[in-house]
Amino acid sequence: MPESITITDNRNGETIEIPIVDGGVSAAEWAKLLPGIWFYDPAFMTTAVTESSITWIDGDAGKLEYRGYPIEQLAERSTYLEVAYLLLRGDLPNRQQLDEWTHEITYHTFIHENVRKRFLEGFHYDAHPMGILVSAVAALSTFYPEAKDIFDPATRYKQIIRLIAKMPTLAAAAHRFSAGMPFVYPDNSLNFPANFLSMMWKTAEPRFDANPALARAVDVLFILHADHEQNCSTTAMRVVGSSHADPYSACAAAAAALYGPRHGGANEAVIRMLGSIGSVENVPDFVKAVKEGHGRLQGFGHRVYKNYDPRAKIIRQVAYDVFDSTGKNPLLDIALKLEEAALGDEYFVSRKLYPNVDFYSGLIYQAMGFPMEMFPVLFAIPRTAGWLAHWVELLDQDQKIARPRQLYIGSARRDYVPLEER
Ligand code: ACO
């Protein structure tokens with residue numbers, strides 16, 4: 001059987017056969033038969049915007065791979081920095097490459113004093129840390145004007161290092177500022193997650209040594225959030241990157257997309273939902289209300305996964321490891337009961353609604369002491385590696401500027417009416 005489709009224009013009987021390649025059909029071929037007729041596809045539900053070799057998802061089977069490596073193996077055996085290298089470079093680093101990469105990142109964690117003193121301190125005292133982060137990332141472009149030179153390999157590499165290295169510093173600074181705490185400088189003797197926790201929590205002690213179990217949990221969560229192919233924020237990164245903006249401006253746009261409750265804010269919604277349910281006994285009534293159309297089960301369902309999100313499985317285990325150190329989050333029992341109820345209910349089963357990555361991540365972050373406003377910030381730190389990997393891929397593909405079409409349904413041509421005659 002041929003791997004192709006045939007389209008017939010019923011207005012004139014003309015047909016065209018288009019091959020199916022890598023699971024897609026070329027819209028450029030379609031345009032040869034039907035110039036000026038557009039695919040109508042709001043929210044890109046059925047559109048592949050690029051070829052990509054970074055991340056592979058099988059939503060029906062619940063599988064996720066970065067550059068061919070299963071997420072379960074990376075979560076168990078790798079580190080976030082190694083995964084960032086893998087996403088950006090395509091292969092796991094050897095010892096020397098990893099040492100150099102780690103050294104580079106570690107020695108670019110400081111932010112310009114003016115970013116902290118003049119810029120961050122200019123925010124209102126109760127500014128949301130994600131709002132601060134989005135603005136601070138955009139502001140970095142003014143500190144590194146050479147970043148505009150996106151086709152010079154050394155300059156491009158330098159900005160990648162800076163962005164991955166400075167994200168935790170900016171994130172922690174945003175938190176410290178909104179909590180009224182003094183800024184903590186990076187400690188280059190600590191590894192990536194331990195340094196982040198030091199910048200978050202250090203108070204009067206000369207050196208903050210994070211609980212190794214918690215630092216590892218943060219690292220695993222960073223691995224799980226590092227990339228997820230063409231999600232909303234990565235699409236924002238690609239769209240802005242396609243205009244050849246500098247990477248700080250493109251990353252700020254991606255972070256802004258992540259700020260939205262439908263994307264980076266779902267784990268906060270889960271915590272609020274669990275809090276509003278209040279106790280295990282109320283779970284059946286809550287599930288009934290959701291089935292009757294009163295709200296959604298937050299942390300359930302996914303555009304791509306129609307099976308258990310593989311990241312949720314790993315996170316569930318991480319939650320237990322964290323609770324061994326922090327004590328159990330009291331909302332855990334409600335979450336477990338809710339999951340059990342939903343997985344055994346026809347409504348959720350028939351719609352293929354399973355826990356997604358956000359169902360348990362908020363519980364972990366909350367148990368570790370992160371305020372809810374920091375949840376999307378904690379997502380943005382590792383996703384920076386994914387955004388940059390897609391940005392590099394886009395530039396190497398030499399893609400055209402992103403510019404979709406529309407189906408105009410507005411008013412036909414009409415003449416201007418003077419104000420007094422309207
Ligand atoms: N609770 C109850 N019902 C749901 C849920 C849910 N969480 N999610 C989907 N449904 C139902 C819908 O009502 C719909 O039912 P119907 O066919 O009877 O009308 C059906 O399942 C299909 O839902 P859609 O909205 O079409 O699915 P879509 O792919 O557009 O939405 C989304 C995916 C946004 C993630 C959705 O499942 C949702 O809102 N989930 C809760 C929020 C959430 O957890 N977001 C995090 C996503 S992961 C991430 O961004 C990192």
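See the structure above.
Remember, predicted model here, so these are calculated numbers, not experimental data.

We now examine the overall build of the protein chain. Across its full length, the protein chain carries 18 helices and six strands. Computed over its C-alpha atoms, the radius of gyration of the protein chain comes to 24 Å, within 12% of the 22 Å expected for a compact globule of 422 residues. Expressed along its principal axes, the backbone C-alpha trace of the protein chain runs to roughly 80 × 65 × 60 Å. Taken over 422 residues, the protein chain has a buried fraction of 48%. Taken together, the 41 basic and 51 acidic charged side chains of the protein chain have centroids lying 4 Å from each other.

Next up on the list: the sheet that holds strand β5 (residues 63-66). Ordered in space as β4-β5-β6, the three strands form an open sheet in which the pairing is antiparallel. In the strand order of this sheet, the two ends are held by β4 (55-58) and β6 (69-70), each with one partner. Sheet topology places β4 next to β5; four bridges connect them, and they run antiparallel. Looking at the pairing, W56 lines up with E65 of β5.

This part is about the pairing of strand β2 (residues 15-21). Sheet topology note: the strand β1 (residues 4-8)/β2 ladder contains five bridges and is antiparallel. Among the inter-strand pairings, I5 is bridged to a residue of β2, identified as I18. With antiparallel pairing between neighbouring strands as the criterion, β1 and β2 make up a hairpin whose turn holds six residues, including G13 at a positive phi of roughly 80°. Across two bridges, the pairing between β2 and strand β3 (residues 24-25) is antiparallel. Counted as the bridge partner of I20 is V25 from β3. Connecting β2 to the antiparallel partner β3 that follows it, the hairpin turn spans two residues, and D22 within it adopts a positive phi of roughly 50°.

Moving on, we come to the packing of aromatic side chains. This structure, assessed with the given rule, holds 20 aromatic pairs. Ring centres of F183 and Y185 lie 5.1 Å apart, and the angle between their planes is 80°; on these two criteria the pair is classed as edge-to-face. An aromatic cluster of three or more residues is present, and its members are Y80, F192, F196, W201, F222, Y365, F370 and F375. Directly above the aromatic system of Y347 lies the positively charged group of R351, at a separation of 3.8 Å from the ring centroid.

Right, let's get into a positive patch on the surface. A cluster of like positive charges, contributed by R262, R296, R303, K306 and K352, occupies part of the molecular surface. Residue placement: R296 occurs in the loop between α13 (283-291) and α14 (310-326). With relative accessibility at 70%, the residue R296 sits in the exposed group.

Right, let's talk about the sheet that holds β3 for a bit. In space, the three strands of this open sheet follow the order β1-β2-β3, with antiparallel pairing throughout. The open sheet terminates on both sides in strands that have one partner only, identified here as β1 and β3.

Moving on to a nonpolar patch on the surface. On the surface, a cluster of nonpolar side chains totalling about 200 Å² of accessible area is made up of I5, I20 and V25. Turning to its location among the elements, V25 is positioned in strand β3. Relative accessible area serves as the criterion here: at 41%, V25 is assigned to the partly exposed category.

A separate point is the state of the cysteines. Counted according to the given criterion, the structure contains zero disulfides. Distance from the sulfur of C232, which forms no disulfide, to the nearest cysteine sulfur (C251) is 14 Å. The class of C251 is buried, set by a relative accessible area of 0%.

The next subject is the site of the ligand. Around the ligand there are 19 residues in total, and R296, L297, G299, F300 and N356 lie nearest to it. In this structure, L297 approaches the ligand through a main-chain N or O atom, which is 2.7 Å from a nitrogen atom. Note that an oxygen atom of the ligand is positioned 3.0 Å from one of the side-chain N or O atoms of R303. For the ligand, whose unbound accessible area comes to 930 Å², protein coverage reaches 68%. For the shell around the ligand, the per-class residue count stands at eight nonpolar, six polar and five charged.

Calculation rules
Every chain begins its residue count from 1, and numbering advances along the sequence as written. At least 70 in pLDDT is required for a residue's local features to be given in this predicted model, at least 80 for side-chain atom pairs to be given and counted, and no such filter applies to totals for whole chains, interfaces and linings, which use all residues. Only heavy atoms go into the side-chain values, all of them from the structure, while hydrogens and water stay out. Only DSSP runs of H or I with at least four residues qualify as helices, and only runs of E with at least two residues qualify as strands; both kinds are numbered from the N terminus onward. We take the radius of gyration over the C-alpha atoms and set the globule estimate at 2.2 Å times the residue count to the 0.38 power. Under the scheme applied here, a residue whose accessible area is under 20% of the maximum for its type counts as buried, over 50% as exposed, and between as partly exposed, the area being computed with a 1.4 Å probe on protein chains only. Only four residue types enter the charge count: Lys and Arg as positive, Asp and Glu as negative, with His and the chain ends excluded. Just so you know, the charge point we use is NZ for Lys, CZ for Arg, CG for Asp and CD for Glu. If DSSP finds at least two bridges between two strands, the strands pair. Any two of the Phe, Tyr and Trp rings considered here, Trp counted by its six-membered ring, make a pair once their centres fall within 6.5 Å; the pair's planes then place it as stacked at under 30 degrees, edge-to-face at over 60, or tilted in between. Each ring is checked for a lysine NZ or an arginine CZ that lies within 6 Å of its centre and within 35 degrees of its normal; such an atom marks a charge sitting over the ring. Each patch groups residues whose relative accessible area exceeds 30% and which form no salt bridge, using 9 Å between like charges and 5 Å between nonpolar side chains of Val, Leu, Ile, Met, Phe, Trp and Tyr. Note on areas: Shrake-Rupley, 1.4 Å probe, and residue coverage restricted to the protein chains presented here. When a carboxyl oxygen of Asp or Glu is within 4 Å of a side-chain nitrogen of Lys or Arg, the pair counts as a salt bridge. Here, the term disulfide refers to a pair of cysteine sulfur atoms separated by no more than 2.5 Å. Near is defined per residue: the residue qualifies when any heavy atom it owns lies within 4 Å of the molecule or strand. Polar contact criterion, stated in full: a pair of N or O atoms within 3.5 Å, where within protein one must be able to donate a hydrogen and the other to accept it, and residues adjacent in sequence count only if both atoms are side-chain atoms. When residues are grouped by polarity, Ala, Val, Leu, Ile, Met, Phe, Trp, Tyr, Cys and Pro land in nonpolar, Asp, Glu, Lys and Arg in charged, and all others, Gly among them, in polar.

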